[in-house]
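# Geometric and topological summary
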Amino acid sequence: MAGFRTLSSGLRALQPGAFGADPRGERMARIRRSPHFKDGVFQNPGGPARTRPSGSTLDFAKVFFDKDTRPRRTPKGTVPVHSTTLADIARPPATGLRLTWMGHSSVLAEIDGRRVLFDPVWGERCSPFPFAGPKRLHPAPLPLAALGPVDVVVISHDHYDHLDMPTIKALAGTDTLFAVPLGVGAHLEHWGVSADRLRELDWHESTKVGGLTLTATPARHFCGRGLRNTQHTLWASWVVAGDEHRIYHSGDTGYFDGFQEIGAEHGPFDATMIQIGAYSDFWPDIHMTPEEGMRAHLDLQGGPEHGPMLPIHWATFNLATHPWADPGEGTLAAARAVGAGVALPRPGEPFEPTAETVPSEPWWRGVALAPAGGRAPGEALAGAGIKAASDAAAVAQADTVSDGACGAGKGTEDPETLPAG
């Protein structure tokens with residue numbers, strides 16, 4: 001047994017630092033006390049979710065290596081990034097709320113005089129290794145050091161395209177606080193963040209940061225960074241509310257009825273940031289399609305008349321087999337079908353969700369291969385589906401309320417695609 005422990009310790013020493021650390025001690029004891037932890041793992045709302053590609057390996061390989069669809073998974077040209085400048089973010093937002101999408105799920109939110117940074121990923125690859133894994137399709141809009149002070153960094157879960165070790169290590173040298181789901185603090189402490197700067201929350205728990213209330217809300221996903229996926233760290237969506245404004249960040253999630261409950265308790269929102277990329281029929285339970293994302297937005301808002309939806313979790317990394325531009329096209333079609341507001345900024349382009357206008361041009365079309373047969377049929381199909389879904393969502397929302405209720409630019413090689421996470 002002593003020899004086995006020595007071998008085990010040696011193997012742990014060889015693990016990349018990016019694997020992070022497993023929860024231990026009081027942190028693990030708190031996890032075991034969570035009402036959402038059962039049979040040794042965190043449980044998803046709505047029952048078990050498939051967290052690995054369904055179907056046979058052969059079926060997946062046929063889709064992955066298809067010579068006709070593979071070229072469409074990356075842009076054909078340079079992504080038109082807005083090079084965020086200090087002038088863009090130095091002056092306070094006129095409306096008190098400004099969002100800057102930095103690509104993928106990274107968003108800087110300036111809300112009621114405070115600065116919140118969601119899921120910051122400035123690394124070149126969302127991977128534990130610097131030489132392999134999905135590579136950025138566009139550069140970060142500005143260097144992390146040029147971002148300026150941040151009051152709180154919010155992490156949705158511990159997958160590499162949302163929790164980036166180099167970025168966290170850089171932020172560990174500042175005085176920012178970190179709001180994370182239960183168990184994720186173990187990774188951050190392992191990378192140099194002191195325990196007194198961590199706010200570690202279970203679902204439905206809240207913390208105050210400089211006048212803002214941050215609440216961890218449910219999501220339908222999973223966790224894990226190392227060779228052993230112990231499911232001992234939680235995943236979450238987040239509500240951030242100030243004196244005047246409130247916003248929602250979905251993290252990664254499949255669609256589930258809980259969006260209606262979150263909206264009834266915390267909404268409506270001045271803006272929602274909703275995951276609409278890296279979806280697949282091979283893992284339908286853990287990521288949303290654009291149509292499902294719009295349905296979630298309507299659930300959260302109680303209808304299309306409230307603040308706009310910012311589509312996130314797309315354009316920056318190739319994490320699924322759908323065409324690169326499909327999340328943007330699908331979101332645009334879904335929004336048009338129901339008359340919902342949608343913000344379509346280029347990466348790095350600041351906008352104010354409550355202003356009279358928000359970015360609305362399909363900027364990706366200049367660098368994406370057009371879909372075979374044009375775009376109109378897809379828009380019509382999305383419109384029919386989302387219209388029916390939105391009608392059902394509106395009824396369900398009304399019932400709920402009445403009840404009281406992952407190169408600084410595109411590489412020369414085709415970036416690797418990994419099962420979404």
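Numbering of residues starts from 1 in every chain and runs along the sequence as written. Thresholds applied to this predicted model are a pLDDT of at least 70 for local features of residues and 80 or more for the giving and counting of side-chain atom pairs; totals over whole chains, interfaces and linings are not thresholded and use all residues. Hydrogen atoms and water are omitted, and side-chain values are computed over all heavy atoms in the structure.

Here we come to the overall build of the chain. Per the convention used, a helix needs a DSSP run of H or I reaching at least four residues, while a strand needs a run of E reaching at least two, with both numbered from the N terminus. For the chain, the helix and strand inventory stands at 10 helices and 15 strands. Sorting the 421 residues of the chain into buried and exposed places 56% on the buried side. Areas reported as accessible are Shrake-Rupley estimates using a 1.4 Å probe. Residue values count occlusion only from the protein chains shown. Of the roughly 17100 Å² that the chain leaves accessible, carbon and sulfur atoms contribute 56%. The buried label applies to any residue whose accessible area, calculated with a 1.4 Å probe on protein chains only, is under 20% of its type's maximum; exposed applies above 50%, and partly exposed to all values in between.

Aromatic rings from Phe, Tyr and Trp, taking only the six-membered ring of Trp, are treated as a pair when their centres fall within 6.5 Å; an angle between ring planes under 30 degrees marks them as stacked, one over 60 as edge-to-face, and anything in between as tilted. Throughout the structure, instances matching the rule amount to 14 aromatic pairs. Judged by centre distance (5.7 Å) and plane angle (45°), the ring pair of Tyr248 and Phe269 falls under tilted. Here Phe269 lies in the loop between helix H7 (258-266) and strand E13 (271-275) and Tyr248 lies in strand E12 (residues 246-249), a separation of 21 residues in the sequence. Residue classification places Phe269 among the buried residues on the basis of a relative accessible area of 3%. Taking 5.6 Å as the distance between ring centres and 35° as the angle between the ring planes, the aromatic pair formed by Trp314 and Trp363 counts as tilted. Residue Trp314 is located in the loop between strand E14 (309-312) and helix H9 (326-338), and its partner Trp363 is located in the loop between strand E15 (350-351) and helix H10 (376-402); the two are separated by 49 residues in the primary sequence. Here Trp314 matches Trp363 in class, with each residue buried. Among the aromatic residues, those joined into a ring-pair cluster are Trp101, Trp314, Trp324, Trp363 and Trp364. Counted as over-ring charges are cases with an Arg CZ or a Lys NZ within 6 Å of the ring centre that also lie within 35 degrees of the ring normal. Positioned above the aromatic ring of Tyr160 is the side chain of Arg225, whose terminal nitrogen or guanidinium carbon lies 4.0 Å from the ring centre.

A few words now on unusual backbone geometry. With omega at -5°, the peptide bond leading from Gly267 into Pro268 counts as cis. In this fold, Pro268 is placed in the loop between H7 and E13. Phi is positive for Asp119, close to 40°, though the residue is something other than glycine. Looking at the element boundaries, Asp119 is found in the loop between strand E5 (114-118) and strand E6 (152-154). Assessed through its relative accessible area of 0%, Asp119 is described here as buried. You will see that His204, though not glycine, has its phi angle at about 75°, which is positive. Topologically, His204 is positioned in the loop between strand E8 (198-201) and strand E9 (206-209).

The next subject is the nonpolar core. In this structure, Leu99, Val116, Phe118, Leu214, Trp238, Ile247 and Trp324 are the most contacted members of the largest nonpolar core, which totals 70 residues. Between two residues, a contact is recorded if the distance between any of their heavy atoms is within 4.5 Å. In contact with Phe118, not counting residues within four places along its chain, are Ser105, Ser106, Val107, Ala109, Val154, Trp238, Val240, Ile247, His249 and Met273. Nonpolar core, defined: a set of buried Ala, Val, Leu, Ile, Met, Phe, Trp, Tyr and Cys residues in which side-chain atoms within 4.5 Å join the residues together. Phe19, Ile155, Ile168 and Leu319 belong to the second largest nonpolar core, which has 37 residues in total.

Taken together, the seven strands give an open sheet; going across it, the order is E8-E7-E6-E5-E4-E3-E15, and neighbouring strands pair in mixed fashion. Looking at the sheet topology across the chains shown, the edges are occupied by E8 and E15. DSSP bridges decide pairing: two strands pair if at least two such bridges lie between them. Of the pairings in the sheet, the one linking strand E4 (residues 106-111) to E5 comprises five bridges and is antiparallel in character. In the strand pairing of E5, Ala109 is matched with Val116.

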